[in-house]
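Results of the structural survey
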Amino acid sequence: MASHSWKDAYRGMSADNIKGLVLALSSSLFIGASFIIKKKGLKKAGASGIRAGNGGYSYLYEPLWWIGLITMIVGEIANFAAYAFAPAILVTPLGALSIIISAVLAHIILREKLHIFGILGCVLCVVGSITIVLHAPQERPIESVTEVWDLATEPAFLLYAVMVLIAVFILVFHYIPSYGQTHIMCYIGVCSLVGSLSVMSVKAIGIALKLTLSGMNQLVYPQTWAFTFIVLLCVITQMNYLNKALDTFNTAVVSPIYYVMFTSLTILASVIMFKDWDRQNPSQIITELCGFVTILSGTFLLHKTKDMVDGQIPLSIRSLKHMDDEEDGIDQESIPLRRQDTSCMRSP
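The shown structure was predicted, so the numbers you read here are calculated from the model rather than taken from an experiment. (Residues numbered from 1 in each chain as written. Predicted model: local features only at pLDDT ≥ 70, side-chain atom pairs only at ≥ 80, totals over all residues. Heavy atoms only, no water.)

**A few points about the overall build of the chain**
We count it as follows: Helix and strand definitions follow DSSP, with helices as H or I runs of at least four residues and strands as E runs of at least two, each counted in order from the N terminus. Residues count as neighbours in contact if any of their non-hydrogen atoms are within 4.5 Å of one another. Residue-level accessible areas treat just the shown protein chains as cover; the underlying method is Shrake-Rupley with a 1.4 Å probe.
When helices and strands are counted, the chain shows 13 helices and zero strands. The N-to-C order of helical and strand elements in the chain reads α-α-α-α-α-α-α-α-α-α-α-α-α. Long-range pairs, those at least 24 residues apart, make up 77% of the contacts in the chain between residues at least 6 apart in sequence. For the chain, the exposed area adds up to about 17,200 Å²; of that, 70% sits on carbon and sulfur atoms.

Put into structure tokens, the structure is as follows:
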């Protein structure tokens, strides 16, 4: 009887979930590799011209940098397509795998040392990802983009969207002018809140394109173009404030905090809009949450030890400095959550 109940609760991954998983893994591979390829291009360009960190643009003439950029674009396209097949609760957390791929390739290709705790962080991310993959909910069957619009206009999600917009306006017009340069949560809060809405719209567009390619044209519906407009507006806002965060605070601090907030809010938005957890039992939901927490732990551990080598005394994440800054001879900051001096700013 217990075995029968278990089989009812877990029926394996659907074909769409498998497609979404493969696309999400491909996305992480391409994006993780793109960082290494672009950095190789930046180093090669910097050897014969002005480095990007010093305001130079010689990397624009370096083919290797463009290969890295194209690789990243391919990864983003794969990530976009993944949302059309699998629920956000499966796709979004797998973004942490790009960090692992980048760290491992940097260790092999760029000879950047990976601390033993960094390896442990990679293992935790893999374990957490496998846990989520094995217990992720099945994708909700949708036959038209109008169905997605109906889900987006239900009271529960409308309430969430209104709360997000109110929070964003409060942050932008009240807190950022006064505290934006000294409190990292102001910029990251805007990016994460708006990002959760953009992912829901990206998923809607992905579904519309998938249905269109299968013979059911969704481009004739105004809802498709409404979602497209929302994506453009959200992405522009998101990138604007993410650039401000990267320009003001340490990358080692921005990256893990942004990943945690963005992923958490995206999962919350997906659960509300697509009702992912309505088709699961409590044990599956708790297991998914445990997998997500495991990924978060691995991500923080990997970022915390990214600049450490074996034998060093562990540094607080508040005193970590980006590798490129150390190569440029810039002194390490004592409090990276405060605004950097303009002479120390780097291009994002």
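Past the structure itself, the notes keep going.
**So, the pattern of salt bridges**
For the record, the criterion: A carboxyl oxygen of Asp or Glu within 4 Å of a side-chain nitrogen of Lys or Arg is what we treat as a salt bridge. We call a residue buried when its accessible area falls under 20% of the maximum for its residue type, exposed when it is over 50%, and partly exposed in between, using a 1.4 Å probe and counting protein chains only.
One pass over the full model with this rule turns up four salt bridges. The partner of Lys210 in a salt bridge is Asp16, with the nearest N and O atoms 3.9 Å apart. Within this pair, whereas Lys210 is found in helix α9 (residues 184-213), its partner Asp16 is found in helix α2 (residues 15-48), the two being separated by 194 residues in sequence. Classification of Lys210 by relative accessible area gives partly exposed; the value is 25%. Where Lys275 meets Glu154, a salt bridge forms, and the shortest distance between an N and an O atom there is 2.5 Å. With Lys275 in the loop between α11 (251-273) and α12 (282-304) and Glu154 in the loop between α7 (145-152) and α8 (155-179), the pair connects residues that are 121 residues apart, well separated along the chain.

**Examining α8**
This is how the line gets drawn: Each helix should span, by expectation, one fewer than its residue count multiplied by 1.5 Å. We define the bend at any residue as the angle between the axes fitted to the seven residues before and including it, ending there, and the seven starting there.
Between its terminal C-alpha atoms α8 stretches 33 Å, which fits the 36 Å expected from 25 residues at 1.5 Å a residue. Taking the largest bend as the criterion, α8 deviates by roughly 40°, centred on Leu171. What α8 keeps buried is the set Phe157, Tyr160, Ala161, Val164, Val168, Leu171, Val172 and Ile176.

**A short note on the packing of α9 against helix α10 (residues 222-248)**
Just so we agree on the cut-off: Helix axes are fitted to C-alpha atoms over the stretch in contact, other axes to C-alpha atoms as well, and angles between N-to-C directions run from 0 to 180 degrees. We call two directions roughly parallel when the angle between them is under 35 degrees, roughly antiparallel when it is over 145, roughly perpendicular when it lies between 65 and 115, and oblique otherwise. By convention, the crossing between two helices is left-handed when the near helix turns anticlockwise from the far helix through less than a right angle, and right-handed when the turn is clockwise. Three categories are distinguished: nonpolar for Ala, Val, Leu, Ile, Met, Phe, Trp, Tyr, Cys and Pro, charged for Asp, Glu, Lys and Arg, and polar for the others, with Gly belonging to the last.
In the contact formed by α9 and α10, the axes pass within 8 Å of each other and the chain directions differ by 150°. In terms of axis orientation, α9 runs roughly antiparallel to α10. At the point where α9 passes α10, the crossing takes the left-handed sense. Class assignment of the residues belonging to the contact of α9 with α10 gives a composition of 17 nonpolar, eight polar and one charged.

**Focus: empty space enclosed by the protein**
This is how the line gets drawn: The rule is simple: put a 1 Å grid over the protein atoms alone, call a set of points where a 1.4 Å probe fits but cannot get out a cavity, call an open set with protein on both sides within 12 Å along at least five of seven lines a pocket, and count a residue as lining if it has an atom within 4 Å of a point. Grid points are joined across faces, edges and corners, and a volume is the space filled by probe spheres set on the points.
This model, assessed by the stated rule, comprises two cavities of 30 Å³ or more. Considered as a void within the structure, the largest cavity measures approximately 50 Å³ in volume. Lining of the largest cavity is provided by Ile89, Pro93, Ile132, Ile267, Trp277, Glu288, Leu289 and Phe292. Per-class residue counts for the lining of the largest cavity are seven nonpolar, no polar and one charged.

**Examining the nonpolar core**
Counted only if it meets this: In these notes, a set of buried Ala, Val, Leu, Ile, Met, Phe, Trp, Tyr and Cys residues joined through side-chain atoms within 4.5 Å is what counts as a nonpolar core.
The biggest cluster of nonpolar side chains holds 74 residues, and the ones touching the most others in it are Val148, Phe157, Val190, Met200 and Met273. A per-element tally of this core places α9 first, with 17 residues. Apart from the residues within four sequence positions on either side, Phe157 is in contact with Leu151, Ala152, Leu197, Met200, Ala269, Ile272 and Met273.

**Section: a nonpolar patch on the surface**
Under the convention used in this document: For patches, a residue must show more than 30% relative accessible area and have no salt bridge; joins then use 9 Å for like charges and 5 Å for nonpolar side chains, namely Val, Leu, Ile, Met, Phe, Trp and Tyr.
A cluster of nonpolar side chains, contributed by Ile116, Phe117, Ile119, Leu120, Val123 and Val127, occupies part of the molecular surface with about 500 Å² of accessible area. Taking the relative accessible area as the measure of exposure, Phe117 reaches 40% and is therefore partly exposed.

**Things to note about the layout of surface pockets**
Reported here for the second largest pocket is a volume of approximately 290 Å³. In this structure, the second largest pocket is lined by 14 residues; those nearest its centre are Ala152, Phe157, Leu158, Ala161 and Ile230. Class assignment for the residues of the lining of the second largest pocket results in twelve nonpolar, two polar and no charged.

**Things to note about the packing of α2 against helix α3 (residues 63-85)**
Between α2 and α3, the least distance of the axes is 7 Å, while the angle of their chain directions is 160°. Regarding the angle of α2 to α3, the classification is roughly antiparallel. In this structure, α2 crosses over α3, and the sense of that crossing is left-handed. Across the contact of α2 with α3, the residue classes break down as 17 nonpolar, nine polar and five charged.

**As for the packing of aromatic side chains**
Stated precisely, the cut-off is as follows: Only Phe, Tyr and Trp rings are paired, with Trp represented by its six-membered ring, and only when their centres lie within 6.5 Å; those with planes under 30 degrees apart are stacked, over 60 edge-to-face, the remainder tilted.
For the structure on display, the rule yields eight aromatic pairs. Their ring planes at 35° and their centres at 6.1 Å tell us that Tyr175 and Tyr179 sit as a pair that is tilted. Taken together, the positions of Tyr175 and Tyr179, both in helix α8 and four residues apart, correspond to about one turn of that helix. Among the residues examined, Tyr179 registers a relative accessible area of 38% and is labelled partly exposed. Pairing Tyr258 with Phe262 gives two aromatic rings, centres 5.6 Å apart and planes at 25°, and the pair type is stacked. Note that Tyr258 and Phe262 are positioned in helix α11 at a spacing of four residues, about one turn of the helix. Accessibility classification places Tyr258 together with Phe262 in one group, the buried group.

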